[in-house]
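# Per-entry structural report
Each chain, written out:
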Amino acid sequence: MLPREELLKGVENREQMARILDLADRALKTWEVAVTDFLSPIELMETQTAFNRLTEVHLVAFGGYPQAERQRVAIARIDLPLDATSVPLAALEIAGNFLFDSASHRDFLGSILGTGIVREKVGDIIVLGERGAQAVVSPDLVEFLEMSLTQVRSVPVKTQRIELGELKIREPKKKELTTVEASMRLDAIASAGFGMSRSKMADLINGGDVRVNWKDISQTSYQVKPNDLIAIRGKGRLEVGDVQVTKKERYRIQLTRYL
């Protein structure tokens, strides 16, 4: 048996982690591979942290492509090999003419969930502009969605399965920059990294649009640390690198922005 109470200490998503530990126990007992639903980035981070402390089981996470935000996790005894093919996934194309009624990520997700599917069964959604979108889902939902997902906003759509290799992934561009700040406040560092005014960044933070290490942060004074990842939906991600204190006791911060 796994040390459940010890592994659950300090975990933010305790119910989800408890279910994952149940799967790990089953994998130990049955010598079979157990697979989770899609996990959010914070759930995935907590799962990987917990499993790094275990020697009896191991895991592999995959969401259809290397940069996927939402991923499923396959769990098995340490004796059994695991790779990305151990994670069952399917890709869908949601095709329609959105030239005169554009749809957002939220619109496509809402239409998928409107068919009665729960969020945990849906991975990343890649919006393709006026052509529609692509989505990664649990394979057992493909046939249902091909029949049921027929409209997004006012636009009729055709939903059909495609290969994972047909996902139209845009490789993130990287931009390296350095900023010197009086403090390690989130609003100061994020405004420098994303190239916007501090007041605009404060509005985004106060509005709940900013995450640090996948956790929602609503305090502008939140203290950022090296290796933190700052994300704003639609504006990319910002990784905090090396931090040095100058002679004037200011902070020289290396940043990497993923566009």
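A quick note: this is a predicted structure, and the numbers were derived from the prediction, not measured.

As a further point, take the nonpolar core. Formed by 21 residues in total, the largest nonpolar core has its most connected members in Ile-94, Phe-108, Ile-112, Ile-125, Val-137, Leu-145 and Val-152. Among the elements of the structure, strand E4 (90-95), helix H4 (105-113), strand E5 (122-127), strand E6 (132-137) and helix H5 (142-148) are those that each provide at least two residues to this core. Setting aside residues up to four positions removed in sequence, Leu-145 forms contacts with Leu-92, Ile-112, Thr-115, Ile-117, Val-137 and Thr-159.

All right, on to the sheet that holds strand E15 (residues 251-258) then. Spatial strand order, E10-E15-E14-E13-E11-E12: 6 strands in an open sheet with antiparallel pairing. What marks the edges here is a single partner per strand, and that holds for strand E10 (174-181) and strand E12 (215-216). With 4 bridges joining them, strand E13 (residues 229-232) and strand E14 (residues 236-245) adopt antiparallel strand pairing. By the bridge assignment for E14, Ile-230 is matched with Leu-238.

Given two aromatic rings, one states the distance between the centres and the angle between the planes to describe the pair. Taken as a whole, this structure holds 1 aromatic pair when the rule is applied. A cation sits over an aromatic face here: Arg-72 above Phe-38, 5.9 Å from the ring centre.

The description of two packed helices rests on the angle between their axes and on the distance between the axes. Interhelical geometry of helix H2 (residues 14-30) versus helix H3 (residues 41-51) gives an angle of 45° and a closest axis separation of 11 Å. Viewed along their axes, H2 and H3 adopt a mutual orientation that is oblique. Crossing of H2 against H3: the hand is right-handed. Of the residues in H3, those in contact with Gln-16, Met-17, Ile-20, Leu-21 and Ala-24 of H2 are Glu-43, Glu-46, Thr-47, Ala-50 and Phe-51. Of the residues contributing to the contact of H2 with H3, the split by class is 6 nonpolar, 2 polar and 2 charged.

Once that is clear, we can look at the domain arrangement of the chain. Domain parsing of the chain yields domain 1 (4-86), domain 2 (90-166) and domain 3 (174-258). A straight line from the C-alpha centre of domain 1 to that of domain 3 covers 30 Å. The partner domain 3 presents 5 residues to the 6 residues of domain 1 that form the contact. The largest per-residue losses of area from domain 1 upon contact with domain 3 belong to Pro-41, Ile-42 and Glu-69, which jointly make up 67% of the total buried on that side. A salt bridge links Arg-237 to Glu-69, with the shortest nitrogen-to-oxygen separation between them at 3.1 Å.

On to the pairing of E15, then. The pairing of E10 with E15 spans 8 bridges and is classified as antiparallel. Across the sheet, Lys-175 pairs through a bridge with Arg-257, a residue of E15. Of the strand pairs in this sheet, E14 and E15 are connected by 7 bridges, and their pairing is antiparallel. Following the sheet pairing, Val-245 is matched in E15 by Tyr-251.

The strand order E1-E3-E2 describes an open sheet built from 3 strands, whose pairing is antiparallel. Edge positions in the sheet fall to strand E1 (34-35) and strand E2 (57-62), since each of these pairs with one other strand and no more. Bridging between E2 and strand E3 (residues 72-77) involves 6 bridges; their strand directions are antiparallel. Looking across to E3, one finds that Phe-62 is bridged to Arg-72. Across the sheet, H2 touches E1, E2 and E3, and the angle it forms with E3 is around 35°. Against the sheet, H3 contacts E2 and E3, and its axis sits at roughly 155° relative to E2.

By the element assignment, Arg-170 lies in the loop between strand E9 (158-162) and E10. Here the alpha-carbon distance between Arg-170 and Thr-47, two residues 123 residues apart in the chain, equals 27 Å.

Rules and cut-offs
Residues numbered from 1 in each chain as written. Predicted model: local features only at pLDDT ≥ 70, side-chain atom pairs only at ≥ 80, totals over all residues. Heavy atoms only, no water. Core = buried A, V, L, I, M, F, W, Y, C linked by side-chain atoms within 4.5 Å. Buried < 20%, exposed > 50% of the residue type's maximum accessible area, 1.4 Å probe, protein only. Helix = DSSP H or I, 4+ residues; strand = E, 2+ residues; numbered from the N terminus. Contact = heavy atoms within 4.5 Å. Pairing = 2+ DSSP bridges. Phe/Tyr/Trp six-rings, centres within 6.5 Å; stacked < 30°, edge-to-face > 60°. Lys NZ or Arg CZ within 6 Å of the ring centre and 35° of its normal. Axes fitted to C-alpha atoms, helices over the stretch in contact; angles between N-to-C directions. Parallel < 35°, antiparallel > 145°, perpendicular 65-115°, else oblique. Left-handed = near helix turned anticlockwise from the far one by under 90°. Nonpolar A, V, L, I, M, F, W, Y, C, P; charged D, E, K, R; others polar. Domains from an automatic or database assignment. Buried area = accessible area lost by both parts, 1.4 Å probe. Salt bridge = Lys/Arg side-chain N within 4 Å of Asp/Glu carboxyl O.

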